Each structure stands twice: as structure tokens, then as C-alpha cells.
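Letter by letter, the chains look like this.
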Amino acid sequence: MKRIVLFASGSGSNVENIINYFQDSNEVNVKCVLSNNKEAKVFDRCNRLKVSALYFNRTSFYQSDCVLEILKSFNPDLIVLAGFLWKIPENLIQNFPNKIVNIHPALLPKYGGKGMYGMHVHKSVKDNNETETGITIHYVNENYDEGAIIAQEKVTLEATDTPETIANKVHQLEYKHFPKVIHKIVMEQ
Ligand code: GRF
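Residues numbered from 1 in each chain as written. Predicted model: local features only at pLDDT ≥ 70, side-chain atom pairs only at ≥ 80, totals over all residues. Heavy atoms only, no water.

Participant: I'd like to hear about the layout of surface pockets, residue by residue, with values.
Facilitator: Reported here for the largest pocket is a volume of approximately 780 Å³. Along the wall of the largest pocket there are 36 residues; nearest its centre are Gly83, Phe84, Leu85, Tyr117 and Gly118. Residue assignment for the lining of the largest pocket shows that the elements contributing at least two residues are α1 (13-22), β5 (100-104), α6 (119-127) and α7 (163-187). Ranked by residue count, the leading element in the lining of the largest pocket is α7, at four residues. Here the lining of the largest pocket is built from residues that sort into 15 nonpolar, 17 polar and four charged. (1 Å grid on protein atoms, 1.4 Å probe; cavity = no way out; pocket = protein on both sides within 12 Å on 5 of 7 lines; lining within 4 Å. Points joined across faces, edges and corners; volume = space filled by probe spheres on them. Helix = DSSP H or I, 4+ residues; strand = E, 2+ residues; numbered from the N terminus. Nonpolar A, V, L, I, M, F, W, Y, C, P; charged D, E, K, R; others polar.)

Quick look at the structure:
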């Protein structure tokens, strides 16, 4: 059985989608969800879905090996950032080489980097009159949104699209493709 740990900072709709996808799997088990935001709606989702979830603060993440030791205890085959807003610290990158993946709601390298998350991304895509957008699933390194790209999926945009309708189109892509890509990668570990 392959073991996955998820990280999220906000709503957690991708976390819920991934948990549901692997619900009855005999190959993959979602061990735990970790979040840096004690107000995150992802905790409500985990309570409803009866999945373990833990909150950690900056000290645990950046000034100690607390989160690292917790991750080691799960011995994950894959660590998945599903809407997680903090940069990953060196100790995690070094201890889990090529085992941390992220999903970004745009076609990297465009619309990536510090501050480019959520509606900021979709507003920028709209402001630039892009005719398409999409998602990028990539390995995580020490910089925001810069690791090797694993997969990208695109969706066309109309002039009538708003940042909100763009966000919805992107979320549909995420729900359709992210679990499948995770499944493929984790089985290769
Ligand atoms: C998603 O759009 C994802 O691409 C980005 O953060 C968002 C998380 O949304 N990294 P949710 O919390 O899964 O609803």
C-alpha cells in the first residue's frame, strides 16, 4: 500500500477530491492532511470524511524538525501540496527528494512565483486577455513553482470569462486530472 500525505492552507476542495478518489483503493492510502492555517475549511472536510488532520505553526515548519519528524513517521511515498501557500523548507526538500508535488492553477512558468495564488492568478490571466489557461502539476524545489513539470492540462477562455469563471474552469481541470496524476506518480515510487 502506497502512503500519501496532503498539505493544504485553505478550502481543501482538492484534498476532498483526492481523498474520495482513493477512498476504496487497495493501492494507495491517504494517511494524513497537514495544514498551516487553523481556520482552514480543510479541517471541516477532514472531520466529515474521518481523515486525520494536523495543524502546525511557523515554528514547527521553519524553526524545528517537528513537521519533518511527523512526515518521517508516516514514511510517505508521496507528499502532495493541494493548495498550500508556504514555501517548502530545505529540510523537507532534502529528506524527500522527488517526493513532493504541487498543483498550480496556471500554465507555468507563466503566472507563477511568490504571491501568485488563487484569484491573483486568475485576475492576472484575465487582465492579460489570455485565450487559454490551465493547471500545472510539478515537483517541488526550494523556490515557488519552479520544480520539474510533470503534467499540464489546458482550457480555452472566452472574452466573456471573468476571474471567477476562470477559477471554476481551472478547478474542474484540477478535480479531473490531479488524482490521476498523483496515482501514476505514487505507483512509480
Ligand atoms: C487550487 O486552485 C490549487 O491549484 C492551488 O490552490 C487552490 C486550492 O484550492 N494550489 P482548494 O483549497 O483545493 O479548494
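Participant: Can you lay out the side chain of histidine 122 for me, pointing to particular residues and giving the numbers?
Facilitator: Tracing the chain through its elements places histidine 122 in helix α6. Exposure remark for histidine 122: the relative accessible area of 5% places this residue in the buried category. Histidine 122 has contacts with Pro105, Pro163, Ile166, Ala167 and Val170, leaving out every residue within four places of it along the chain. (Buried < 20%, exposed > 50% of the residue type's maximum accessible area, 1.4 Å probe, protein only. Contact = heavy atoms within 4.5 Å.)

Participant: With reference to specific residues and values, describe the packing of aromatic side chains.
Facilitator: All told, the structure shown has twelve aromatic pairs when counted by the stated rule. Through successive ring pairs, a cluster of aromatic residues spans Phe7, Phe56, Phe61, Tyr62, Phe84 and Trp86. Sitting above the plane of the tryptophan 86 ring, arginine 58 keeps its charged end 4.2 Å from the centroid. (Phe/Tyr/Trp six-rings, centres within 6.5 Å; stacked < 30°, edge-to-face > 60°. Lys NZ or Arg CZ within 6 Å of the ring centre and 35° of its normal.)

Participant: Now, about the site of the ligand: what can you tell me, with residues and values included?
Facilitator: Ser11, Gly12, Ser13, Asn14, Gly83, Ile103, His104, Pro105, His171 and Glu174 make up every residue found near the ligand. With respect to the ligand, the side chain of glutamate 174 contributes an N or O atom lying 2.4 Å from an oxygen atom. Contact with the protein chains covers 85% of the free accessible surface of the ligand, which is 370 Å². Structurally, the ligand is housed in the largest pocket. Secondary structure elements with two or more residues in the shell around the ligand: α1, β5 and α7. Split into classes, the residues belonging to the shell around the ligand amount to two nonpolar, seven polar and one charged. (Near = heavy atom within 4 Å. Polar contact = N/O pair within 3.5 Å; in protein donor to acceptor, adjacent residues only side chain to side chain. Areas by Shrake-Rupley, 256 points an atom, 1.4 Å probe, with all protein chains shown as cover. Sits in = over half its atoms within 2 Å of the grid points.)

Participant: Go over the packing of α6 against α7, please, and point to the residues and values.
Facilitator: Contact pair α6 / α7: the axes reach a minimum separation of 9 Å and the direction vectors enclose 115°. Between α6 and α7 lies a crossing of right-handed hand. Here Met119, His122, Lys123, Val125 and Lys126 of α6 lie close against α7, whose contacting residues are Pro163, Glu164, Ile166, Ala167 and Val170. (Axes fitted to C-alpha atoms, helices over the stretch in contact; angles between N-to-C directions. Left-handed = near helix turned anticlockwise from the far one by under 90°.)

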